[in-house]
Amino acid sequence: MKSKRAERLKRLKRLTRTLIRRGFGDLVLDICFRDPYEEEDLDVDVLLKEKPPDLSMRSYRIYEQLEEAGFEVGILYDWPEDESEREAVRNVQMSKVRR
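Residues numbered from 1 in each chain as written. Predicted model: local features only at pLDDT ≥ 70, side-chain atom pairs only at ≥ 80, totals over all residues. Heavy atoms only, no water.

(A) Structural view of the overall build of the protein. Within the protein, the regular secondary structure consists of three helices and three strands. Secondary structure of the protein in N-to-C order comes out as α-β-β-α-β-α. When the 99 residues of the protein are sorted by exposure, 31% land in the buried category. Sequence-distant contacts, at least 24 apart, represent 58% of the contacts inside the protein between residues at least 6 apart. (Helix = DSSP H or I, 4+ residues; strand = E, 2+ residues; numbered from the N terminus. Buried < 20%, exposed > 50% of the residue type's maximum accessible area, 1.4 Å probe, protein only. Contact = heavy atoms within 4.5 Å.)

(B) Inspection of the pairing of strand S3 (residues 73–78) at higher detail. Note that strand S2 (residues 42–48) and S3 share six bridges and pair parallel. Its bridge partner being in S3, Val44 is matched across the sheet by Ile75. Taken together, S2, helix H2 (residues 55–68) and S3 form a β-α-β motif whose crossover is right-handed. (Pairing = 2+ DSSP bridges. Right-handed = clockwise from strand over helix to strand, strands pointing away.)

(C) Focus on the confidence of the model for the protein. The share of residues in the protein with pLDDT of 70 or more is 88%, and the mean pLDDT across the chain is 89. Summarising per-element confidence for the protein, the mean pLDDT is lowest in helix H3 (residues 83–98) (67) and highest in H2 (97). (pLDDT = per-residue confidence, 0-100.)

(D) Main features of the pattern of salt bridges. This structure, assessed with the given rule, holds three salt bridges. One salt bridge in this structure joins Asp41 and Arg8, with 3.3 Å as the shortest N-O distance. Here Asp41 is found in the loop between strand S1 (28–34) and S2, whereas its partner Arg8 is found in helix H1 (residues 4–24), with 33 residues between them in sequence. Classification of Asp41 by relative accessible area gives partly exposed; the value is 24%. (Salt bridge = Lys/Arg side-chain N within 4 Å of Asp/Glu carboxyl O.)

(E) Spotlight on the sheet that holds S3. Here we have three strands laid out as an open sheet, ordered S1-S2-S3, and mixed in their pairing. Of all the strands in the sheet, the pair left with one neighbour each is S1 and S3. Across the sheet, the axes of successive neighbouring strands diverge by a mean angle of 20°, strand direction being ignored. When S1 meets S2, the two strands line up antiparallel, connected through six bridges. Across the sheet, Phe33 pairs through a bridge with Val44, a residue of S2. The strands that H1 touches are S1, S2 and S3; relative to S1, the one it contacts most, it runs at about 155°. Packing against the sheet, H2 makes contact with S2 and S3, and its axis sits at approximately 160° to S3. (Axes fitted to C-alpha atoms, helices over the stretch in contact; angles between N-to-C directions.)

(F) Spotlight on the packing of aromatic side chains. In total, this model carries one aromatic pair according to the counting rule given. Measuring from centroid to centroid gives 5.1 Å for Phe24 and Tyr77, while their planes differ by 45°, and the two rings are tilted. Of the two residues, Phe24 sits in helix H1 while Tyr77 sits in strand S3, which places them 53 residues apart along the sequence. For Phe24, a relative accessible area of 3% translates into the label buried. (Phe/Tyr/Trp six-rings, centres within 6.5 Å; stacked < 30°, edge-to-face > 60°.)

Shown next, in the form of structure tokens:
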């Protein structure tokens, strides 16, 4: 039987993934969950195709909804800065498709 903590973490990951995908749509390339930092419930790295001009507003809405649900989540957004980084991201995406 799963512990309450494991169930809570599973629910938190599902909610976080849903909110990020809803907030950023097709810009999301990858979401990676990590162990929490300090007082957080969860730490998340999000790889985006590019930096949206309204990144702060979108991320604020996600943080706000997570906070309303009673969670403290650290989210780091990243995106390719130049053509070599974009090419590296494309290569990783292609290798995932081939698996």
